[in-house]
Amino acid sequence: MINNSIVNDFLEGIVDEDDLKNVKAIIEALIEGIETDEAIHEKTGIKLNTVRKLLYKLHDASIATYKRNKDPETQWFTYTWKFDKEEYVEKITDFYTNRLNERQEALDNLENNLYFVCCMDQEHFKGDYTESSEYEFYCPVCDYELEPYDAKKEKTLLKRRITLDKKNFKKFEDAINKQ
Ligand SMILES: [Zn+2]
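Cut-offs and rules
Residues numbered from 1 in each chain as written. Predicted model: local features only at pLDDT ≥ 70, side-chain atom pairs only at ≥ 80, totals over all residues. Heavy atoms only, no water. Patch = residues over 30% accessible without salt bridge, like charges linked within 9 Å, V, L, I, M, F, W, Y side chains within 5 Å. Areas by Shrake-Rupley, 256 points an atom, 1.4 Å probe, with all protein chains shown as cover. Salt bridge = Lys/Arg side-chain N within 4 Å of Asp/Glu carboxyl O. Lys, Arg positive; Asp, Glu negative; His and termini not counted. Charge placed at Lys NZ, Arg CZ, Asp CG, Glu CD. Buried < 20%, exposed > 50% of the residue type's maximum accessible area, 1.4 Å probe, protein only. Pairing = 2+ DSSP bridges. Helix = DSSP H or I, 4+ residues; strand = E, 2+ residues; numbered from the N terminus. Domains from an automatic or database assignment. Contact = heavy atoms within 4.5 Å. Buried area = accessible area lost by both parts, 1.4 Å probe. Polar contact = N/O pair within 3.5 Å; in protein donor to acceptor, adjacent residues only side chain to side chain.

## Considerations on a negative patch on the surface
Part 1 of the argument: Taken together, the side chains of Glu12, Asp16, Glu17 and Asp18 present a region of like negative charge at the surface.
Part 2 of the argument: Exposure remark for aspartate 18: the relative accessible area of 72% places this residue in the exposed category.

Here it is as structure tokens:
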């Protein structure tokens, strides 16, 4: 339930790319029931500061919670951490569903509309018939003519991504159900 490209993409929205490996190791430690930053640091070998930083990022994303306790002897606060599996599954599911909907919508738009692009540089302009007619089919950037957009490549790419995401989400669900 950790090693999945959808999970990676979701976690990259929470932590920097450099921290992806670390945050996954921390989630694994939490799932094993390791509760304190010190113990996670010892188990994973990740710097204590990084462990703390990433735990709070997981907390901000609502997938980890902590309890603060006062040590009666030292009067120091200790924090015990817990992984919120239900919230994690829900967050990943939402992330997957939103992305799938966006891509499906983009694909539907390409299937159902004719788009026009600048004949010199597609970065200049891309718009549907109505938008393009507003510019009388001339590029608003360089004033060269607009031409019909060949959507074949983009459609193929979207279809491939949609298929892959569906497959990977199925794997994610299977891993969850196995636990
Ligand atoms: Zn142009």
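Back to the write-up after that little detour.
## Brief notes about the pairing of strand β2 (residues 77–83)
Part 1 of the argument: In this structure, strand β1 (residues 64–70) lies alongside β2, joined through 7 bridges in antiparallel fashion. Bridge pairing in β2 links tyrosine 66 to tryptophan 81.
Part 2 of the argument: Connecting the antiparallel pair β1 and β2 is a turn made up of 6 residues, with glutamine 75 showing a positive phi of about 65°.

## Thoughts on the domain arrangement of the protein chain
Think of interface size as the accessible area that goes away when the parts come together; that is how it is often given.
Part 1 of the argument: With domains assigned, the protein chain is organised as domain 1 (5–83) and domain 2 (88–178).
Part 2 of the argument: Here the C-alpha centre of domain 2 lies 36 Å away from the C-alpha centre of domain 1.
Part 3 of the argument: Contacts between the two partners involve 9 residues from domain 1, matched on the other side by 10 residues from domain 2.
Part 4 of the argument: A combined buried area of about 930 Å² lies between domain 1 and domain 2, and 75% of that area is made up of carbon and sulfur atoms.
Part 5 of the argument: Looking at the side of domain 1 facing domain 2, the largest losses of area belong to Ile6, Val7 and Phe10, adding up to 58% of the total buried there.
Part 6 of the argument: Taken together, domain 1 and domain 2 are joined by 1 salt bridge.
Part 7 of the argument: A salt bridge links aspartate 9 to arginine 99; the nearest nitrogen and oxygen atoms lie 2.9 Å apart.
Part 8 of the argument: In this assembly, domain 1 and domain 2 are joined by 3 residue pairs in polar contact (both at pLDDT 80 or more).

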